[in-house]
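Fold and contact review
Each chain, letter by letter, is given below.
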Amino acid sequence: MKKLLILASIAMVAMFSVNCGGGAGQTPSDVVDAYYSAAVKGDFEKALTYTTVTGEEATQLVAKVKGLGGVISSYEIISETVAEDGQSAVVEVKYSGSALGMEITDETTEIDVLKQEDGSWKIDGDSVK
């Protein structure tokens with residue numbers, strides 16, 4: 001019984017570590033997926049945790065997006081390319097949504113640049129501004 005409890009505790013810690021955000025143990029596409037998933041839900045603060053944007057810059061960016069009424073309604077990850085050195089990656093995403101109360105009918109394709117930061121993939125802040 002004690003052995004089962006220890007194994008269950010280890011499994012819970014492992015699951016918590018993987019699901020905490022920030023990109024540890026995830027592919028660049030996983031991080032971009034988590035970013036856009038949070039954006040679809042309107043949780044821009046959570047979305048920015050997957051980027052290199054922090055502090056006052058993050059606060060201003062969230063206010064700007066909320067002020068525009070920007071909403072992403074759907075997205076699809078098209079491709080992922082990781083650099084040979086494994087320190088940067090490019091993920092192509094197609095998305096649609098609305099801004100300023102107007103629906104954007106054409107899908108937009110965006111290239112998100114990611115980099116390794118403390119062992120985790122993060123979307124470069126310049127990609128989200």
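Just above sits the structure.
Here goes a summary of the coordinates provided. (Residues numbered from 1 in each chain as written. Predicted model: local features only at pLDDT ≥ 70, side-chain atom pairs only at ≥ 80, totals over all residues. Heavy atoms only, no water.)

Below, the discussion takes up unusual backbone geometry. Here the phi dihedral of Asp 118 falls at roughly 55 degrees; this positive angle occurs in a residue that is not glycine. Structurally, Asp 118 can be placed in the loop between strand 3 (102–117) and strand 4 (120–123). Its relative accessible area of 81% is what places Asp 118 among the exposed residues. (Helix = DSSP H or I, 4+ residues; strand = E, 2+ residues; numbered from the N terminus. Buried < 20%, exposed > 50% of the residue type's maximum accessible area, 1.4 Å probe, protein only.)

By size, the foremost hydrophobic cluster in this structure holds 24 residues, and its most contacted members are Val 32, Tyr 35, Tyr 36, Leu 48, Leu 114, Ile 123 and Val 128. Taken together, the elements giving at least two residues each to this core come down to helix 2 (28–40), helix 3 (44–48), helix 4 (55–68), strand 2 (88–99) and strand 4. It is helix 2 that contributes the most residues to this core, seven residues altogether. Apart from residues lying up to four places away in sequence, Leu 114 is in contact with Pro 28, Val 31, Val 32, Gln 87, Ser 88, Ala 89, Val 91, Trp 121, Lys 122, Ile 123 and Asp 124. (Core = buried A, V, L, I, M, F, W, Y, C linked by side-chain atoms within 4.5 Å. Contact = heavy atoms within 4.5 Å.)

A few words on the pairing of strand 1 (residues 71–82). Here strand 1 runs beside strand 2; their pairing, made up of ten bridges, is antiparallel. Looking across to strand 2, one finds that Tyr 75 is bridged to Tyr 95. Hairpin remark: strand 1 followed by strand 2, antiparallel, with five residues in the connecting loop; positive phi at Gly 86, about 70 degrees. (Pairing = 2+ DSSP bridges.)

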